[in-house]
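The primary structure of each chain is shown beneath.
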Amino acid sequence: MIAAIVALAAALAAGHLVAAFVGPQASPLLAVGNTAIDLTPSWLKDFAIATFGTADKLALLVGMGGVLLGLAVLAALASGRGPAPGTVLIVAVGVLGLVAVVTRPDVGRLAAAAPLASLAAGVATWLLLHRRASPSDVVETAGTRPDRAGPDRTDSGAERTDEVPHGTRASGATPGRRQFLVTAGGAAAVAGVAGLAGGFVGGARDATSSRAAAPPLRATRRLPAPPNDADFAKLGTPTFLTPNDAFYRIDTALSVPQVPADDWRLRIHGMVDRELELSYDDVRRRGLIERRITLCCVSNQVGGELISTATFTGVDLGDLLRDAGVRDGAQQLLSSSSDGWTCGTPIDVLLERDRGAMLALGMNGQPLPLEHGFPARLVVPGLYGYVSATKWVTDLEVTTWDRRRAYWLDRGWAREAPVKTQSRIDRPSANATMPAGRVIAAGIAWAQHTGVAKVEVRLDGGRWQEATLSADVSDDTWRMWHIALDVDRPGSHRIACRATDKSGYTQTAERMGVLPDGATGHHTITFTTE
Ligand SMILES: Nc1nc2c(c(=O)[nH]1)N[C@H]1C(S)=C(S)[C@@H](COP(=O)(O)O)O[C@H]1N2
Ligand SMILES: [Mo]
């Protein structure tokens, strides 16, 4: 048992160490996890997000750790007579890791070295420890007493098993046992050091230091700070700008892609007159602009939290595409990230003069946080993130819908996904209890690139009452609302809200789930007065 678990640790540590040199995405554990994510059906992904929220990746890693430990125990139990069954199992798992790594889109040619190191370390440790645990003459003994041979047997070659009292063997006092424990301890220590060294080397190569060294991103013309009445945070709404560490995060990356700014290049190609390749400095030299944009996820349930607002700093994406010269017949901009995720955006939307689509380097005055796409990402007002907001973006291909299919398309999501006009109640919180009388309700509404014109609230199915809106900062950002309701009757109550956007559209009451292009329905909550 110990042999199998130490062998597992050795395998993971070796893979981690080698991956630190050939690229973090080569880690077999991460590669299997990432592949699992890519193969996960949408309903399971939705379930994982709903159950674990942003901890869904941690849950996956913990689950994988459990499965590996279970396999190690299985290997130990199956290898009573000899190491062969365990070896076969380790090789099988190792080959799985190897396949996962070499089929990842974001690994270099050397990536296979990491899973191969894992495989070698795992098998070698296993065979060594298994031999130490059951010296050769135990195998002979096993011939006569097969029921007593096993990997946890500690009999030394010099002793006949039937001469050793149970207690003595269990105490591990025999020389064979000691030798085994020393070897196992040594192997575990080497694995630990290798794992730490892997973390150290990987840490030195990651993008944190590159981000820390990034020059300040100053826009040529800065936006004024949002006015004080841009939110009703005192009444329970979010702040108008979401702090970077509170900004919602959604992506398929199990470990945050590490792209140092110096290594980053953005290639613009496909149906263009001139291919472009830009470095981080090339982008900065184009002259930076600032835009406030509310970003939201198509997986946001009615009343959900997957929406945030930031001031983004970068360059206009439409200008960039015009510089490359988009050819007639182009339909889609297929953007790819360093970790191989892809996203398709209608090219005519990006070329709209007033769309405000961006290649962003900064967020709320800082270089993009690593989780939000450092060194560069796309942001397009009015489109859900999965069709517009590629983080760690490295490649822009101008193409047609037929020629390329983006990541989520084959998983049931719509090809085009403009943000749906929506609103949410933040106060009272669901199932709250409060004194009867005057109740303040407050929340948010959004209709990016159209603008919010009105929010109405209704109590217990009564008439719709118009709420007070926050300052109108931009059509591309959310608006907050609040209203005082007279709730005289003690007991259970229900409120609902609905937004009307500047096109005159009022959000429908019809309940639809997030698949295929975003949820609809009125957010409704219940609370109690006494
Ligand atoms: N590289 C990459 N970019 C991505 C994604 C992804 O999985 N990988 N997810 C998209 C989705 S679904 C959303 S909603 C937004 C979320 O951006 P955020 O994490 O900065 O809030 O990023 C988009 N960009
Ligand atoms: Mo999303």
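Throughout, residues of each chain are indexed from 1 in the direction in which the sequence is written. By the order in which they are written, chains take letters starting at A while ligands take numbers starting at 1. Side-chain atom pairs in this predicted model are given and counted only at pLDDT of 80 or more, local residue features only at pLDDT of at least 70, and totals for whole chains, interfaces and linings cover all residues. Only hydrogens and water are set aside when side-chain values are computed; all heavy atoms of the structure are taken into account.

Details of helix H12 (residues 317-324)
Phase 1: For each residue, the accessible area found with a 1.4 Å probe, counting protein chains only, is set against the maximum for its type, and the residue is called buried under 20%, exposed over 50%, and partly exposed in between. Only runs of H or I of at least four residues qualify as helices and only runs of E of at least two qualify as strands under DSSP, and these elements are numbered from the N terminus. Residues of H12 that are buried: Leu 317, Gly 318, Leu 320, Leu 321 and Ala 324. The arc that holds the buried residues of H12, viewed along the axis, is 160°, so those residues lie on one side.
Phase 2: Of the residues flanking the start of H12, the one acting as N-cap is Asp 316, its side-chain oxygen 2.9 Å from the backbone nitrogen of Gly 318.
Phase 3: Positioned one or two residues after H12, Gly 325 has a phi angle of 80°, which is positive. By arc we mean the arc of the directions from the helix axis to the C-beta atoms, nothing more. We define a polar contact as two N or O atoms separated by no more than 3.5 Å, with the added condition that, inside protein, one atom must be a possible hydrogen donor and the other a possible acceptor, whereas residues neighbouring each other in sequence contribute only through side-chain atom pairs.

So, the nonpolar core
Note that soluble globular proteins tend to have their nonpolar side chains buried in a common cluster.
Phase 1: Residues grouped as a nonpolar core are buried Ala, Val, Leu, Ile, Met, Phe, Trp, Tyr and Cys residues, joined through side-chain atoms within 4.5 Å. Ranked by size, the top nonpolar core spans 81 residues in total, and within it Phe 312, Leu 317, Leu 359 and Tyr 386 carry the most contacts.
Phase 2: Among the elements that take part in this core, strand S7 (residues 358-363) stands out by supplying five residues, more than any other.
Phase 3: Domain borders in the structure are assigned automatically or taken from a domain database. When residues of this core are assigned to domains, at least three map to each of domain 2 (228-411) and domain 3 (422-529).
Phase 4: In this analysis, two residues are considered to be in contact whenever any of their non-hydrogen atoms come within 4.5 Å of each other. The contact partners of Leu 317, leaving out residues within four places of it in the chain, are Leu 333, Leu 350, Ala 357, Met 358, Leu 359, Leu 378 and Leu 396.
Phase 5: Among the nonpolar cores identified, the runner-up in size contains 21 residues, and Ala 445, Ala 467, Ile 495 and Phe 527 belong to it.

Some details on the site of ligand 1
Phase 1: Near ligand 1, the surroundings consist of 19 residues, among which Tyr 248, Thr 252, His 372, Arg 377 and Lys 391 are the closest.
Phase 2: Within the side chain of Arg 377, a nitrogen or oxygen atom sits 2.7 Å from an oxygen atom of ligand 1.
Phase 3: Within the side chain of Lys 391, a nitrogen or oxygen atom sits 2.5 Å from an oxygen atom of ligand 1.
Phase 4: Considered on its own, ligand 1 offers 530 Å² of accessible surface; in the complex 98% of this is hidden by protein. In this text, near means that some heavy atom of the residue lies within 4 Å of the molecule or strand in question. Residue exposure ignores everything except the shown protein chains as possible cover, and the areas themselves are Shrake-Rupley values with a 1.4 Å probe.

Remarks on the UniProt feature "transmembrane region" (unreviewed entry) in the chain
Phase 1: UniProt positions are given in the numbering used here, feature names are shortened, and annotations may be inferred rather than shown by experiment. Residues given the UniProt feature "transmembrane region" (unreviewed entry) here are residues 58-77, 84-103, 109-129 and 180-201.
Phase 2: Taken end to end, residues 84-103 is 95% helix and 0% strand, and its first and last C-alpha atoms sit 28 Å apart.

Notes on unusual backbone geometry
Phase 1: Between Arg 427 and Pro 428 the backbone carries a cis peptide bond, its omega angle lying at -10°.
Phase 2: By the secondary structure assignment, Pro 428 is in the loop between strand S11 (422-427) and strand S12 (433-434).
Phase 3: A cis geometry characterises the amide bond from Leu 515 onward to Pro 516, with omega recorded as 0°.
Phase 4: Counting through the fold element by element, Pro 516 comes out in the loop between strand S18 (491-501) and strand S19 (523-529).

What about the layout of surface pockets?
Empty space left among the atoms is revealed by rolling a probe the size of a water molecule over them.
Phase 1: The way it works is a 1 Å grid over only the protein atoms, where trapped points that fit a 1.4 Å probe form a cavity and open points with protein on both sides within 12 Å along at least five of seven lines form a pocket, and then any residue with an atom within 4 Å of a point lines it. Grid points are joined across faces, edges and corners, and a volume is the space filled by probe spheres set on the points. The volume enclosed by the second largest pocket comes to roughly 550 Å³.
Phase 2: As for the second largest pocket, its lining consists of 25 residues, and the residues nearest its centre are Leu 8, Leu 68, Leu 71, Val 93 and Gly 94.
Phase 3: Those elements giving two or more residues to the lining of the second largest pocket turn out to be helix H1 (2-22), helix H2 (28-39), helix H4 (56-78), helix H5 (84-102) and helix H6 (113-133).
Phase 4: All amino acids are sorted into three groups, where Ala, Val, Leu, Ile, Met, Phe, Trp, Tyr, Cys and Pro are nonpolar, Asp, Glu, Lys and Arg are charged, and the leftover types, Gly among them, are polar. Grouping the amino acids of the lining of the second largest pocket by side-chain chemistry returns 20 nonpolar, five polar and no charged.

Quick word on the packing of H1 against H4
Phase 1: Where H1 meets H4, the closest approach of the two axes is 8 Å, and the angle between their N-to-C directions is 135°. Relative to H4, H1 is oriented oblique. For H1 against H4, the interelement crossing comes out right-handed. On H4, the residues touching Ala 4, Ile 5, Leu 8 and Leu 12 of H1 are Leu 68, Leu 69, Ala 72 and Ala 76.
Phase 2: When the residues that make up the contact of H1 with H4 are grouped by side-chain class, the tally is eight nonpolar, no polar and no charged. Only the stretch in contact is used when a helix axis is fitted, and all axes are lines through C-alpha atoms; the angle between N-to-C directions ranges over 0 to 180 degrees. Just so you know how the angles are binned, under 35 degrees is roughly parallel, over 145 roughly antiparallel, 65 to 115 roughly perpendicular, and the rest oblique. Left-handed describes a crossing whose near helix is turned anticlockwise from the far helix by less than a right angle; the clockwise case is right-handed.

Observations concerning the sheet that holds strand S16 (residues 468-469)
Phase 1: For two strands to count as paired, DSSP must find a minimum of two bridges between them. Strand order in the open sheet formed by four strands is S11-S13-S17-S16, with antiparallel pairing between adjacent strands. Strands with a single pairing partner mark the edges of an open sheet, and in this sheet they are S11 and S16.
Phase 2: Two elements, strand S13 (residues 437-446) and strand S17 (residues 479-487), share nine bridges in a ladder whose sense is antiparallel. Bridged to Val 439 within S17 is Leu 485.

Focus: the pattern of salt bridges
Phase 1: Any Lys or Arg side-chain nitrogen found within 4 Å of a carboxyl oxygen on Asp or Glu counts as a salt bridge. Going through the model one piece at a time under the given rule, you end up with 22 salt bridges.
Phase 2: Put simply, Glu 290 and Arg 222 hold a salt bridge, and the shortest N to O gap is 3.4 Å. In this pair, Glu 290 is assigned in strand S3 (residues 289-296) and Arg 222 in the loop between helix H10 (207-213) and strand S1 (265-270), connecting sequence segments 68 residues apart.
Phase 3: On the basis of relative accessibility, which here comes to 12%, the residue Glu 290 falls in the buried class.

Remarks on the environment of Val 256
Phase 1: Looking at the secondary structure, you find Val 256 in the loop between H10 and S1.
Phase 2: A relative accessible area of 19% places Val 256 in the buried class.
Phase 3: With 114 residues separating them along the chain, Val 256 and Leu 370 place their C-alpha atoms 6.8 Å apart.
Phase 4: Beyond its immediate stretch of four places on either side in the chain, Val 256 contacts Arg 249, Leu 370, Glu 371 and Trp 392.

Structural notes on the sheet that holds strand S14 (residues 452-459)
Strand pairing within a sheet occurs via backbone hydrogen bonds; the two strands may be parallel or antiparallel.
Phase 1: Strand order in the open sheet formed by five strands is S12-S19-S18-S14-S15, with mixed pairing between adjacent strands. Each edge of the open sheet is held by one strand with a lone partner, namely S12 and strand S15 (465-466).
Phase 2: With seven bridges joining them, S18 and S19 adopt antiparallel strand pairing. Following the sheet pairing, Ala 496 is matched in S19 by Thr 524.

Looking at the packing of aromatic side chains
One pair of aromatic rings is described through two measures. These are the centre distance and the angle between the planes.
Phase 1: In this analysis, rings of Phe, Tyr and Trp, with Trp reduced to its six-membered ring, are considered paired at centre separations within 6.5 Å, and the interplanar angle assigns stacked below 30 degrees, edge-to-face beyond 60, and tilted for intermediate values. On inspection of all chains with the given rule, the structure shows six aromatic pairs.
Phase 2: Both rings, one in Tyr 280 and one in Phe 374, keep their centres 6.3 Å apart while their planes meet at 55°; by these two values the pair is tilted. Highlighted residues: Tyr 280 in helix H11 (residues 280-285) and Phe 374 in the loop between strand S8 (366-367) and strand S9 (377-379), separated in sequence by 94 residues.
Phase 3: Residue class for Tyr 280 comes out buried when judged on its relative accessible area of 4%.
Phase 4: Through a chain of ring-to-ring contacts, three or more aromatic side chains come together here, namely Phe 247, Tyr 248 and Phe 312.
Phase 5: Taking NZ or CZ as reference, Arg 411 lies 3.8 Å from the ring centre of Tyr 407, over its face.
Phase 6: Its end group placed over the ring of Trp 408, Arg 411 keeps NZ or CZ at 5.9 Å from the ring centre. Two conditions define a charge located above a ring, namely a distance within 6 Å from the ring centre to NZ of Lys or CZ of Arg, and an angle within 35 degrees of the ring normal.

Some details on the packing of H4 against H5
The geometry of a pair of packed helices is captured by two quantities: the angle between their axes and the separation between those axes.
Phase 1: The N-to-C vectors of H4 and H5 enclose an angle of 155°; their axes lie 7 Å apart at closest approach. In terms of orientation, H4 lies roughly antiparallel with respect to H5. Judged by residue contacts, Leu 68, Leu 71, Leu 74, Ala 75 and Ala 78 of H4 engage Pro 85, Gly 86, Leu 89 and Val 93 from H5.
Phase 2: Counted by class, the contact of H4 with H5 contains eight nonpolar, one polar and no charged residues.

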